[in-house]
Amino acid sequence: NGTVSFSGNSLVNFGQLILSRKANPCPQNKMINMPLDARRVKIQATGVINIQGNVMINLNKTIEFKAGNYIQMDSNFEVAKGSFFSVDIGGCDNN
């Protein structure tokens, strides 16, 4: 449900007003094929996360993967000692 409210004593002309729901921040599937450079990353998908190629999680990174069905990692996937790496099978968070 969307709500639009107006207040005040003047006429407001919006021209064309379009209301839409917020896009689902959680895609059905997600493919990772490059290094994750951010210090903290949370990647989610309602279906599958596929990690392909030379993906390295470097020292002092916090990386979380959460998928509804499964998470597939190629043999070239590496996590450096001193990093936090988490995988979870479940629904997407609402944030």
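What comes next is a walk through the structure. Computed from a predicted model, the values in this text were never measured in an experiment. Along each chain, the written sequence defines residue order, and numbers are assigned to residues from 1. It should be noted that, the model being predicted, local features are given only for residues of pLDDT at least 70 and side-chain atom pairs only at 80 or more, the latter also being counted only at that level, while totals for whole chains, interfaces and linings use all residues. Side-chain metrics in this entry use all non-hydrogen atoms of the structure; hydrogen atoms and water are not considered.

Here's the deal with the overall build of the protein
Convention followed: Only DSSP runs of H or I covering at least 4 residues are called helices, and only runs of E covering at least 2 are called strands; the numbering of each starts at the N terminus. Any residue under 20% of the maximum accessible area for its type is buried, any over 50% is exposed, and the rest in between are partly exposed; the area is computed with a 1.4 Å probe on protein chains only. The contact criterion used is simple: two residues touch if any of their non-hydrogen atoms lie within 4.5 Å.
A tally of helices and strands in the protein yields zero helices and eight strands. Taken from N to C terminus, the helices and strands of the protein fall in the order β-β-β-β-β-β-β-β. Taken across its 95 residues, the protein has 26% of its residues classed as buried. Sequence-distant contacts, at least 24 apart, represent 17% of the contacts inside the protein between residues at least 6 apart.

Considering the state of the cysteines
We count it as follows: In this description, a disulfide is simply a cysteine sulfur pair whose atoms lie within 2.5 Å.
Throughout the structure, instances matching the rule amount to one disulfide. Between the sulfur of Cys26 and that of Cys92 lies a disulfide, 1.7 Å long from S to S. Pair noted here: Cys26 is in the segment before strand E1 (29-32) and Cys92 is in the segment after strand E8 (84-89), with a separation of 66 residues, a long-range link.

Considerations on the sheet that holds strand E6 (residues 70-73)
The strands making up a sheet associate through hydrogen bonds between their backbones, and the pairing can be parallel or antiparallel. Operational definition: Whether two strands pair comes down to DSSP finding at least two bridges between them. Axis definition: a line fit to C-alpha positions, over the contact stretch in the case of helices; interaxial angles, taken between N-to-C directions, run 0 to 180 degrees.
Across the sheet, which stays open at both edges, the three strands sit in the order E1-E3-E6 with parallel pairing between neighbours. Either end of the sheet is taken by a strand with one partner, and the two such strands are E1 and E6. Each adjacent strand pair in this sheet contributes to an overall mean axis angle of 10 degrees, direction not counted. Relative to strand E3 (residues 48-51), E1 runs parallel, the two sharing four bridges. Bridge pairing in E3 places Ile32 opposite Ile51.

A short note on the pairing of strand E5 (residues 62-67)
Within E5, five of the six residues are buried, which leaves it mostly tucked inside the rest of the structure. In this structure, strand E2 (residues 40-45) lies alongside E5, joined through six bridges in parallel fashion. Along E5, the bridge assignment pairs Ala45 with Ala67. Both E5 and E8 contribute to a ladder of six bridges, which runs parallel.

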